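# Breakdown of the fold
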Amino acid sequence: MPRQVDVAVLGGGQAGLATSYHLRRVGIDHVVLDDRAHPGGAWASTWPSLRLFSPSAYSSLPGWPMPPHPDTFPPVQHVRAYLRDYEARYDLPVERPVRVDDVRSTPDRLLVGTDHGELAARYVVSATGTWAAPFVPMIEGASTFAGRQLHSAQYRGPEDFAGQRVAVVGGGNSGVQITADLVETAEWVSLVTARRLRFLPDDVDGRHLFDEASARLRDPHAAEAAFVGNIVALPAVRRARERGALRVRAMFDRMVPEGAVIGRDRIELDTVIWCTGFRPALRHLRSLRLRTSTGIPEVSGNRSVRDRRVCFVGYGDWTGPASATLIGVGRTAKALAAELAAELGARG
Ligand code: FAD
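Residues numbered from 1 in each chain as written. Predicted model: local features only at pLDDT ≥ 70, side-chain atom pairs only at ≥ 80, totals over all residues. Heavy atoms only, no water.

The name that an unreviewed UniProt entry assigns to the protein is Pyridine nucleotide-disulfide oxidoreductase, with the source organism given as Janibacter indicus.

### Thoughts on the pattern of salt bridges
What the rule picks out here adds up to 17 salt bridges. One salt bridge connects Asp115 with Arg99, and the closest N-O pair in it is separated by 4.0 Å. Taken together, the positions of Asp115 in the loop between strand S5 (110-114) and strand S6 (117-126) and Arg99 in the loop between strand S3 (94-95) and strand S4 (100-105) put the pair 16 residues apart, joining distant regions of the chain. Of the residues examined, Asp115 reaches a relative accessible area of 37% and is grouped as partly exposed. Between Arg104 and Glu118 there is a salt bridge, with the nearest N and O atoms lying 2.7 Å from each other. Note that Arg104 is positioned in strand S4 and Glu118 in strand S6, a separation of 14 residues in sequence. (Salt bridge = Lys/Arg side-chain N within 4 Å of Asp/Glu carboxyl O. Helix = DSSP H or I, 4+ residues; strand = E, 2+ residues; numbered from the N terminus. Buried < 20%, exposed > 50% of the residue type's maximum accessible area, 1.4 Å probe, protein only.)

### What about helix H1 (residues 14-25)?
Its twelve residues place the ends of H1 17 Å apart at the C-alpha level, agreeing with the 16 Å of an ideal helix rising 1.5 Å per residue. Judged by how many residues are buried, H1 sits mostly within the fold: ten of twelve residues are covered. Those residues of H1 that sit buried are Gln14, Ala15, Gly16, Leu17, Ala18, Thr19, Ser20, Tyr21, His22 and Leu23. A positive backbone phi angle near 75° is found at Gly27, which sits one or two residues after H1. (Expected span 1.5 Å × (residues − 1).)

### What about the site of the ligand?
The environment of the ligand is made up of 28 residues, and the closest members are Gln14, Asp34, Asp35, Ala42 and Phe53. Within the contact set of the ligand, an oxygen atom lies 2.8 Å away from a side-chain nitrogen or oxygen of Gln14. When the free accessible area of the ligand is taken as 990 Å², the share hidden by the protein chains comes to 89%. Among the residues making up the shell around the ligand, the classes are represented as 14 nonpolar, ten polar and four charged. (Near = heavy atom within 4 Å. Polar contact = N/O pair within 3.5 Å; in protein donor to acceptor, adjacent residues only side chain to side chain. Areas by Shrake-Rupley, 256 points an atom, 1.4 Å probe, with all protein chains shown as cover. Nonpolar A, V, L, I, M, F, W, Y, C, P; charged D, E, K, R; others polar.)

### Describing the packing of H1 against helix H2 (residues 76-89)
Closest axis-to-axis distance for the H1/H2 pair is 11 Å, and the angle between their directions is 25°. On the basis of their axis angle, the class for H1 and H2 is roughly parallel. Seen from above, H1 lies across H2 with left-handed handedness. Residues Gln14, Leu17 and Tyr21 of H1 form the contact with H2, whose own contacting residues are Leu83, Tyr86 and Glu87. Its residues assigned to classes, the contact of H1 with H2 comprises four nonpolar, one polar and one charged. (Axes fitted to C-alpha atoms, helices over the stretch in contact; angles between N-to-C directions. Parallel < 35°, antiparallel > 145°, perpendicular 65-115°, else oblique. Left-handed = near helix turned anticlockwise from the far one by under 90°. Contact = heavy atoms within 4.5 Å.)

Following this line, the structure appears as structure tokens:
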């Protein structure tokens, strides 16, 4: 007989913790299963020079604000410590390391298969993030490239690239931050992007992105974004830009064994770092066949339309405006906990 819980939260990063906080507040019996040995979710695996793009006060989970940090944009180590302390402060029921391999449907329960046995839950909240599913676009000739290719999820700092010729592909925040991180160490680094870089004004940061998401929540037809950019000009990025070190090239036409071809230029490269985003890590739900041709499940609110017992928190705007941010995920988690409490209460 598998262990019974009302709700199994899958993933113990910020989304799992925020969900657990709100489930606890409404008195729902639950467990959080996380496959990592230590707290922190994806923040525990990022490169050490990563900084938040918003100040602490705009990076808080529900209940306990992120402690202030002397730097306007706190370093990733501050976020890791905050998540560790948050989990301990509320004594959240996180079990780790427990990997969820499978979720199967029966008429009255969802059976959660893990490497530590099976659980039977009335509801499952999937909060496994995107870090485990890095996305790399298909580029002609990519498999012939003789150098090294890695995704930003595997980037651990500039030291590995000393004296190398590096192309960083992707014009979002990760691509720009990693390029800035490499300019002192690599022999040559270029940012390769299909679109023009769009910086937010220097005095505007991630707070603005959150405010915009809030405005859209209040009114889905809200006025156009006030700024066209999405890249936050963090101090290291600004320094690199001011030195003229943020060299930008158009996207590769194709890759070749020694590098890449862009228009008439053939560029020799040692390494290509793909900063081309992530997909939701949903492999553990494959038996439920919830995904549609869009690659994500069809949801209403943040619950699967095909099986309302399966809920999603934290993956992106499809699970709630700004729900893939520290400050935004609490709102989604709170609404979901209230909904589940009402349904569980009605069942008695
Ligand atoms: P995760 O942190 O990935 O947590 C999911 C957890 O589930 C992990 O511990 C994972 O190991 C575990 N898991 C996965 N699969 C399974 C499984 N099958 N079984 C059990 N456990 C599993 N947001 C901000 O608010 N401010 C920022 O400045 C900011 N900067 C960012 C910079 C970068 C480079 C990136 C990539 C994201 C940034 N974000 C930022 C966005 C967001 O806050 C993070 O991506 C955040 O880590 C998402 O949290 P999560 O809990 O949804 O996922």
